[in-house]
Amino acid sequence: MTFDQIKEIYNRPLLELIYQSSDIHRKNHQAGEVQVCTLLSVKTGGCTEDCAYCPQAARYHTDVKVHKLLDPEDVLNRAKEAKANGSTRFCMGAAWREVRDNRDFDNVLAMVREVNKLDMEVCCTLGMLSASQAEKLKEAGLTAYNHNIDTSEEYYDKVITTRTYEDRLETIHNVSKAGISVCSGGIIGLGEEEDARIGMIYTLANLPEPPESIPVNALVPVKGTPLENMERVSVWEMLRMIATIRIVVPKAMIRLSAGRNEMPISEQALCFIAGANSIFAGDKLLTTPNPAFTSDMEMFEILGLQPRVSFKNENKNEVAEVL
Ligand code: SAM
Ligand code: DTB
Ligand code: SF4
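All of the points below concern the structure found in this document. As the structure is a computational prediction, the values presented were derived from the model and not from experiment.

Rules of the game
- Throughout, residues of each chain are indexed from 1 in the direction in which the sequence is written.
- Here the convention is simple: chains get letters from A, ligands get numbers from 1, in the order in which they are written.
- In keeping with the predicted nature of the model, local features appear solely for residues at pLDDT of at least 70, side-chain atom pairs appear and are counted solely at 80 or more, and the whole-chain, interface and lining totals rest on all residues.
- Neither water nor hydrogens contribute to the side-chain values; these are computed over all heavy atoms in the structure.
- In this text, near means that some heavy atom of the residue lies within 4 Å of the molecule or strand in question.
- Any N or O atom pair separated by 3.5 Å or less is treated as a polar contact, with the protein-specific requirement of one donor-capable and one acceptor-capable atom, and with residues adjacent in sequence counted only for side-chain atom pairs.
- Only the protein chains shown count as cover for residues, and all accessible areas are computed by the Shrake-Rupley method using a 1.4 Å probe.
- Surface patches are defined over residues having more than 30% relative accessible area and no salt bridge, joining like charges when they lie within 9 Å and nonpolar side chains (Val, Leu, Ile, Met, Phe, Trp, Tyr) when within 5 Å.
- We count a salt bridge whenever a side-chain nitrogen from Lys or Arg sits within 4 Å of a carboxyl oxygen from Asp or Glu.
- In this tally Asp and Glu are treated as negative and Lys and Arg as positive; neither His nor the chain ends contributes.
- Charge positions come from single atoms, namely NZ of Lys, CZ of Arg, CG of Asp or CD of Glu.
- Helix and strand assignments come from DSSP, with helices taken as H or I runs of at least 4 residues and strands as E runs of at least 2, each series counted from the N terminus.
- Note on residue classes: Ala, Val, Leu, Ile, Met, Phe, Trp, Tyr, Cys and Pro are nonpolar, Asp, Glu, Lys and Arg are charged, and everything else, Gly too, is polar.
- Relative accessibility decides the category of a residue: with a 1.4 Å probe and only protein chains considered, values under 20% of the type maximum give buried, values over 50% give exposed, and everything between is partly exposed.
- Two strands are counted as paired when DSSP detects at least two bridges linking them.
- We call a crossover right-handed when, viewed with the strands running away from us, the connection from the first strand over the helix to the second turns clockwise.
- Here, expected helix span is obtained from the residue count minus one, scaled by 1.5 Å.
- The contact criterion used throughout is that any non-hydrogen atoms of two residues lie within 4.5 Å.

Regarding the site of ligand 2
Here is step 1: If you check the shell around ligand 2, you find Leu39, Pro55, Thr125, Asn146, Asn148, Pro215, Asn217, Ser257, Leu285, Leu286, Thr287 and Thr288 and nothing else.
Here is step 2: In the model, a nitrogen atom of ligand 2 is placed 3.2 Å from a nitrogen or oxygen of the Asn146 side chain.
Here is step 3: At a separation of 3.0 Å, an oxygen atom of ligand 2 approaches a polar backbone atom of Leu286.
Here is step 4: Burial of ligand 2 by the protein amounts to 88% of the accessible area it has alone, namely 410 Å².

Some thoughts on a negative patch on the surface
Here is step 1: The grouping of Glu153, Glu154, Glu166 and Glu170 at the surface amounts to a negative patch.
Here is step 2: Position of Glu170 relative to the elements: it lies in helix H6 (residues 165-177).

So, the site of ligand 1
Here is step 1: Lining the immediate surroundings of ligand 1 are 18 residues, of which Thr125, Asn148, Asp150, Arg168 and Val220 lie closest.
Here is step 2: Between Ala94 and ligand 1, the recorded distance is 3.3 Å, taken from a backbone N or O atom to a nitrogen atom.
Here is step 3: In this structure, a nitrogen atom belonging to ligand 1 sits 3.3 Å away from a main-chain N or O atom of Trp96.
Here is step 4: For ligand 1, whose free accessible area comes to 560 Å², the fraction covered by protein is 91%.
Here is step 5: In terms of residue class, the shell around ligand 1 is built from ten nonpolar, five polar and three charged.

What to know about unusual backbone geometry
Outside of glycine, negative phi angles account for most residues, and trans bonds account for most peptide bonds.
Here is step 1: With a phi angle near 60 degrees, Asp119 is a residue other than glycine that sits in the positive phi range.
Here is step 2: Residue position: Asp119 is located in the loop between helix H4 (103-116) and strand S3 (121-125).
Here is step 3: Its identity is not glycine, yet Asp150 carries a phi of approximately 70 degrees, on the positive side.
Here is step 4: Mapping Asp150 onto the fold places it in the loop between strand S4 (144-146) and H6.
Here is step 5: By relative accessible area, which is 3% here, Asp150 ends up buried.

Examining the pairing of strand S9 (residues 278-281)
Here is step 1: Of the two faces of S9, the one carrying Ser278 and Phe280 and the one carrying Ile279 and Ala281 are both buried.
Here is step 2: The pairing of strand S1 (residues 33-43) with S9 spans four bridges and is classified as parallel. Among the inter-strand pairings, Val36 is bridged to a residue of S9, identified as Ile279.
Here is step 3: Here two bridges tie strand S8 (residues 253-256) to S9, and the two strands are oriented parallel to one another. Note on S9: the bridge partner recorded for Arg255 is Ser278.
Here is step 4: Crossover connection from S8 via helix H9 (residues 265-274) to parallel S9: handedness right-handed.

Remarks on H6
Here is step 1: In this model, H6 (13 residues) spans 18 Å end to end at C-alpha, consistent with the 18 Å of a helix rising 1.5 Å per residue.
Here is step 2: Looking at H6, one finds that the buried residues are Tyr165, Arg168, Thr171, Ile172, Asn174 and Val175.
Here is step 3: The inward-facing, buried residues of H6 abut helix H5 (131-140), S4, strand S5 (181-183) and helix H7 (194-205).
Here is step 4: Directly beyond the C-terminal end of H6, a positive phi value near 85 degrees is found at Gly179.

Spelled out as structure tokens, the structure:
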């Protein structure tokens, strides 16, 4: 799909865009089913990178407290708790530039093995990954790997200078080659123009295979980061993103990720109508606040949403043929 085709979709009148994406969503998914995932920061802060949005970069002075890698046993207990609360996917995040072949990585592999036994989807986001590291994660039972392209190729160096867009694509390639499901999306509200948002969707749609899972994050401006004073994005911008992605990649899971804490149920409902079908539950994302579990359950009740079972979206990545 070309940039211009995606741009045309993105710029359709908003309600028309949502009608169309909603229609496509209902044809490809059980509308009303939303997957509940749980995130856990297994290694927090002290990261060497300069991602302008990130509270975990060592060079910015934020309130995040550095924490070494958690014990596999503690992580397993958190995963069990998440499962008991209805989560079907458990995602472990580490504030690393890249994975190194050391004891920490061995411990992450142990975490993956243990969580895998719970019959939950297991996801990791650990930074850059080599081909052999990806294979090891696959062997340990990893379902998916999250590595966001974050924005368009053109806008990328306004946000991150310590690694390139090429580096990111390389990791995504390694993940895919190892037979691990790719989770890749990005953030809006970094100060980018609309073309950067469209460009991000263009890159995702034109990967050799589009991601099976696409997180859409709204920047959470964190004090101490270079983007601390950015204005929050509006629901209309989130809707345009979600709806366009749904039309372009009809079978992907679209995860309404960072930014949900500030969204009333009515706004989240619009995102589900437009095609979002997953949330992260629990009162913390990695380091920033997220809606309380009980208020999400209340939202499921009000909107009549059902939690989606695990492993329902295997090998369902394709780009739309008919627009
Ligand atoms: N260090 C790993 C990496 O960068 O790939 C994994 C963790 S990183 C925190 C995962 C993703 O979280 C980032 O790619 C970014 O899209 C998102 N993220 C981080 N800080 C954010 C913020 N303040 N607001 C919204 N999204 C954010
Ligand atoms: C993603 O795209 N969003 C999640 C998940 N992948 C790992 C993380 C959002 C982090 C928001 C900032 C924080 O809580 O530190
Ligand atoms: Fe480090 Fe990831 Fe944060 Fe970038 S987004 S500073 S790589 S933890």
